Amino acid sequence: MNCNQTVICGKVIETGALRYTPAGVAVAELKLNHASRQVEAGKAREVECEISVVALAQMAELIIGIAPGTMVKLSGFLAKKSRMSLQLVLHVNKINFL
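Everything numeric here is computed off the predicted structure, so don't read it as measured data.

Examining the overall build of the chain
Here's step 1: From N to C terminus, the chain includes one helix and six strands.
Here's step 2: Taken from N to C terminus, the helices and strands of the chain fall in the order β-β-β-β-α-β-β.
Here's step 3: Dimensions of the chain, computed from the C-alpha atoms along their principal axes, are close to 50 × 35 × 20 Å.
Here's step 4: For the chain, the residues scored as buried account for 30% of the 98 residues in total.
Here's step 5: Pairs at least 24 apart in sequence give 51% of the contacts found in the chain among residues at least 6 apart.
Here's step 6: When the accessible surface of the chain is summed, it comes to about 6,700 Å², and 54% of that surface belongs to carbon and sulfur atoms.

Concerning unusual backbone geometry
Here's step 1: A positive phi angle is found at A41, which is not glycine, with a value near 55°.
Here's step 2: Secondary-structure assignment places A41 in the loop between β3 (26–40) and β4 (43–56).
Here's step 3: Backbone geometry places A57, a non-glycine residue, at a positive phi of 60°.
Here's step 4: Inspection of the secondary structure puts A57 in helix α1 (residues 57–63).
Here's step 5: By relative accessible area, which is 33% here, A57 ends up partly exposed.

Notes on the layout of surface pockets
It is the rolling of a water-molecule-sized probe over the atoms that shows where space remains empty.
Here's step 1: Approximately 230 Å³ is the volume attributed to the largest pocket.
Here's step 2: For the largest pocket, the lining is made up of 14 residues, of which E29, V53, V54, K81 and V89 are closest to its centre.
Here's step 3: Along the lines of polarity and charge, the residues of the lining of the largest pocket split into four nonpolar, four polar and six charged.

Side note on the side chain of S85
Here's step 1: By secondary structure assignment, the location of S85 is in the loop between β5 (71–80) and β6 (88–97).
Here's step 2: A relative accessible area of 16% places S85 in the buried class.
Here's step 3: From its side chain, S85 meets the backbone nitrogen of Q87 in a polar contact 2.9 Å long.

So, the pattern of salt bridges
Here's step 1: For the structure on display, the rule yields three salt bridges.
Here's step 2: Put simply, R37 and E46 hold a salt bridge, and the shortest N to O gap is 2.8 Å.
Here's step 3: E40 serves as the salt-bridge partner of R45, at 2.8 Å between the closest nitrogen and oxygen.
Here's step 4: Among the residues examined, R45 registers a relative accessible area of 42% and is labelled partly exposed.
Here's step 5: Given the relative accessible area of 46%, E40 is considered partly exposed.

The rules behind the values
Residues numbered from 1 in each chain as written. Predicted model: local features only at pLDDT ≥ 70, side-chain atom pairs only at ≥ 80, totals over all residues. Heavy atoms only, no water. Helix = DSSP H or I, 4+ residues; strand = E, 2+ residues; numbered from the N terminus. Buried < 20%, exposed > 50% of the residue type's maximum accessible area, 1.4 Å probe, protein only. Contact = heavy atoms within 4.5 Å. Areas by Shrake-Rupley, 256 points an atom, 1.4 Å probe, with all protein chains shown as cover. 1 Å grid on protein atoms, 1.4 Å probe; cavity = no way out; pocket = protein on both sides within 12 Å on 5 of 7 lines; lining within 4 Å. Points joined across faces, edges and corners; volume = space filled by probe spheres on them. Nonpolar A, V, L, I, M, F, W, Y, C, P; charged D, E, K, R; others polar. Polar contact = N/O pair within 3.5 Å; in protein donor to acceptor, adjacent residues only side chain to side chain. Salt bridge = Lys/Arg side-chain N within 4 Å of Asp/Glu carboxyl O.

Structure representation (structure tokens):
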């Protein structure tokens, strides 16, 4: 199955420092705050969450320059934070500045 796609908009609340894997690939992380109104079971509800985001290679170099408070639309896929973790993070493939 190849249906792991996520698109979400929100405000960048924190960016981490650029680091590198042992193979020399750039890695950067950020936290995104999302707030929206969604319809579920015919009723409107407020949705708010904080999402951990990771980016690799050129995308990592791009996100380290994003200032907190910047509104973005992120596209990517969900994966476990680490091999032993069950926590999900968004691996970003595309960024649009809003």
